[in-house]
Amino acid sequence: MSKTLQNLTRRKNITALQADYERDGHVQGTNLVRTLRLKDLVSFGIAAIIGAGIFSTIGNASAAGGPAVSLLFVFTAIACGFSALCYAQFASTIPVSGSAYTYAYASFGELIAWIIGWDLLMEYAIGNIAVAISWSDYFTAVLQGVGLGIPEYLTMDFLSASRGYAAAREALAQGQALAALPSNVQQAYMAWLQAPELGGIKLVADLPALGITVLITYLVYIGIRESKRTANLLVLLKLLVILLVISVGAFYVNTDNWTPFAPNGVSGILKGVSAVFFAYIGFDAISTTAEECENPQRDLPRAMILALIICTVLYVVLALVLTGMVPYTELAVGDPLAFVFAQVNLDVIAGIVAVSAIVAMASVLLVFQYGQPRIWMSMSRDGLLPGIFSSIHPKYKTPWFATIVTGVVVAVPALFMNLTEVTDLTSIGTLFAFVLVCGGILLLDQKRGAPVENRGFRVPYINGKYTLPLIMLIAVGLLLVYNGAGVSSFFSTEGGWEVFRHKLPLLGFLAVAAVMVVLTFTRSLSLIPVLGLLTNLYLMSELGITNWSRFLAWLALGLVIYFAYGYRNSKLGKPQP
């Protein structure tokens, strides 16, 4: 039993990884092309961060929190910054592809590394499917705007069309008019009616989502240089559009719209915390490029922090412009940037914004389709997945098989399914990765009894011995003052198990927070990683028991695969030459 536990916690040797990198310029004999510089990495980060968040979710967040949502972007950036600093230290210490998977392997050991690797595969896949479907929606809307409509049964997934048709039939049977139904239900109804049949099965599929996935996968397949140039071009275009929105919109700002600044108080601002946080997830994708950077130990930390700062400034200024152009109550729309310009009769700018949303979505898809095969590759090189996943194309110098598998895993579900019910798994998966990366920094510091040996970037050490307990006391005090009723309701025993089970994630967070306060006080832990761990774990607790159940079910499936294949084939479990 002790031997099994020892095997589950076997770790990669950081010193050996650093020596391999310094000796021959790459790790484990890979022949990936080192071509990425600092500007390319910053571009990748911006491409991953500025996507659906700035073109859609910023509207609902502004409607809930008013102009004060601009402060929420700052607070969220600080919370993400804790994780970014931890990622930056790992990326500088271990310049290897694999992101949080590799970092966990070096700090927690093999079992936790497998869990986070399996989690990242889910996070990237579901996130990419959602982005491909959203891209298709924007693309077809723009085509319809210029009179080039595509049959609706070729622009909608099978599941949405089927559900929409059933809902419309039920409404029509109750005497409602089709024109009175929501537009998405009308579209689904018409798509199902007009779709041809084959063997009694309606041929409904989202072809634009398939097309963009195939195109992006092809770019990633043929090489990093092509992916880099495309990402840089797409980022340049969408930054120009955002600057256009800000510079033109500034002339239409009515400062009266900024009063009241926080109309719904703190609770209104915090309603947008999930949407605002999701606008930031993506800087971690930069770390998957480690083995294709010219100088990863220097450039990766800089790129992560620069991308976060640039995007935060753009988000804050944009939120102020939007809430200044029109009253915040009108911003609960799916396309707020285009909407505000339509309200001031600048339809040309609104059209440019709509087109730029297509560019933004494509750049996000490109970065994440690029990152996921590198995680497959890293897990394969360690023996936890079959060796073909780490096979490098002799001409294009890319993990060709892993790239193709990634394309198929995204393209097929995007063609036929709408995964709206499970898209929160992307968020919970990302937050879980952030928690482990922050925890990994703490663990490495404690194992060595001193700061991690690293000539590159290091998380600034701030002793949390007294600071963390003080922060927690202030947080509890503010909570009791401003939301005492909510606290009383949470600790109420009414409602039985059905109510109590929804409190389990937050109760788990409170237990971990208490343990971290004690450990920080007794061991003088570094404050920044601790705050990163706790903030991300709190956001995980807000995602609800349903998402936790799905997340744990996915991890359980991963454990079955690990013990069936990975545990037996792990290279760390075999005699080393």
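Quantities reported herein were computed from a predicted structural model and do not represent experimental measurements. (Residues numbered from 1 in each chain as written. Predicted model: local features only at pLDDT ≥ 70, side-chain atom pairs only at ≥ 80, totals over all residues. Heavy atoms only, no water.)

## Points about unusual backbone geometry
Reasoning step 1: Pro260 follows Thr259 through a cis peptide bond whose omega is 0°.
Reasoning step 2: One non-glycine residue, Lys397, adopts positive backbone phi at about 60°.
Reasoning step 3: Mapped onto the elements, Lys397 comes out in the loop between helix H16 (347-381) and helix H17 (400-416).
Reasoning step 4: If you check the backbone angles, Ser524 has positive phi at about 55° while not being a glycine.
Reasoning step 5: The exposure class assigned to Ser524 is partly exposed, which follows from its relative accessible area of 22%. (Helix = DSSP H or I, 4+ residues; strand = E, 2+ residues; numbered from the N terminus. Buried < 20%, exposed > 50% of the residue type's maximum accessible area, 1.4 Å probe, protein only.)

## Observations regarding the nonpolar core
Reasoning step 1: Judged by nonpolar contacts, the single largest core of 152 residues is most densely connected at Tyr87, Ile116 and Met540.
Reasoning step 2: Residue contributions to this core peak at 17 residues, all from H16.
Reasoning step 3: Among all residues touching Ile116, those that are not within four sequence positions of it are Ala100, Tyr101, Ala104, Phe432, Ala433 and Leu436.
Reasoning step 4: Tyr153, Tyr165, Leu181 and Ala195 belong to the second largest nonpolar core, which has 14 residues in total. (Core = buried A, V, L, I, M, F, W, Y, C linked by side-chain atoms within 4.5 Å. Contact = heavy atoms within 4.5 Å.)

## Remarks on a nonpolar patch on the surface
Reasoning step 1: On the surface, a cluster of nonpolar side chains totalling about 430 Å² of accessible area is made up of Leu71, Val74, Phe75, Ile78 and Phe261.
Reasoning step 2: Relative to the elements of secondary structure, Ile78 occurs in helix H5 (residues 69-93). (Patch = residues over 30% accessible without salt bridge, like charges linked within 9 Å, V, L, I, M, F, W, Y side chains within 5 Å. Areas by Shrake-Rupley, 256 points an atom, 1.4 Å probe, with all protein chains shown as cover. Salt bridge = Lys/Arg side-chain N within 4 Å of Asp/Glu carboxyl O.)

## Describing the side chain of Thr155
Reasoning step 1: Considering the arrangement of structural elements, one finds Thr155 in the loop between helix H7 (110-145) and helix H8 (158-173).
Reasoning step 2: By relative accessible area, Thr155 is classed as buried at 13%.
Reasoning step 3: Excluding residues within four positions of it along the chain, Thr155 makes contact with Ser136, Thr140, Ile150, Ala205, Asp206 and Pro208.

## Here's the deal with the layout of surface pockets
Reasoning step 1: In this model, the largest pocket occupies a volume close to 2,000 Å³.
Reasoning step 2: Lining the largest pocket are 41 residues; nearest its centre among them are Leu270, Ala475, Leu479, Phe509 and Tyr538.
Reasoning step 3: Those elements that provide at least two residues to the lining of the largest pocket are H5, helix H12 (265-270), helix H13 (273-278), helix H19 (467-482), helix H20 (484-490), helix H22 (504-523) and helix H23 (527-541).
Reasoning step 4: By residue number, the principal contributor to the lining of the largest pocket is H19, which donates 9 residues. (1 Å grid on protein atoms, 1.4 Å probe; cavity = no way out; pocket = protein on both sides within 12 Å on 5 of 7 lines; lining within 4 Å. Points joined across faces, edges and corners; volume = space filled by probe spheres on them.)

## A look at the environment of Ala161
Reasoning step 1: Structurally, Ala161 can be placed in helix H8.
Reasoning step 2: Those residues in contact with Ala161 that lie beyond four places of it in its chain are Met156, Ala188, Trp192 and Val204.

## A word on the side chain of Thr406
Reasoning step 1: If you trace the backbone, Thr406 turns up in helix H17.
Reasoning step 2: Look at Thr406 and you get buried, because its relative accessible area is 0%.
Reasoning step 3: Residues within four places of Thr406 in sequence aside, it is in contact with Gln369, Gln372, Pro373 and Trp376.

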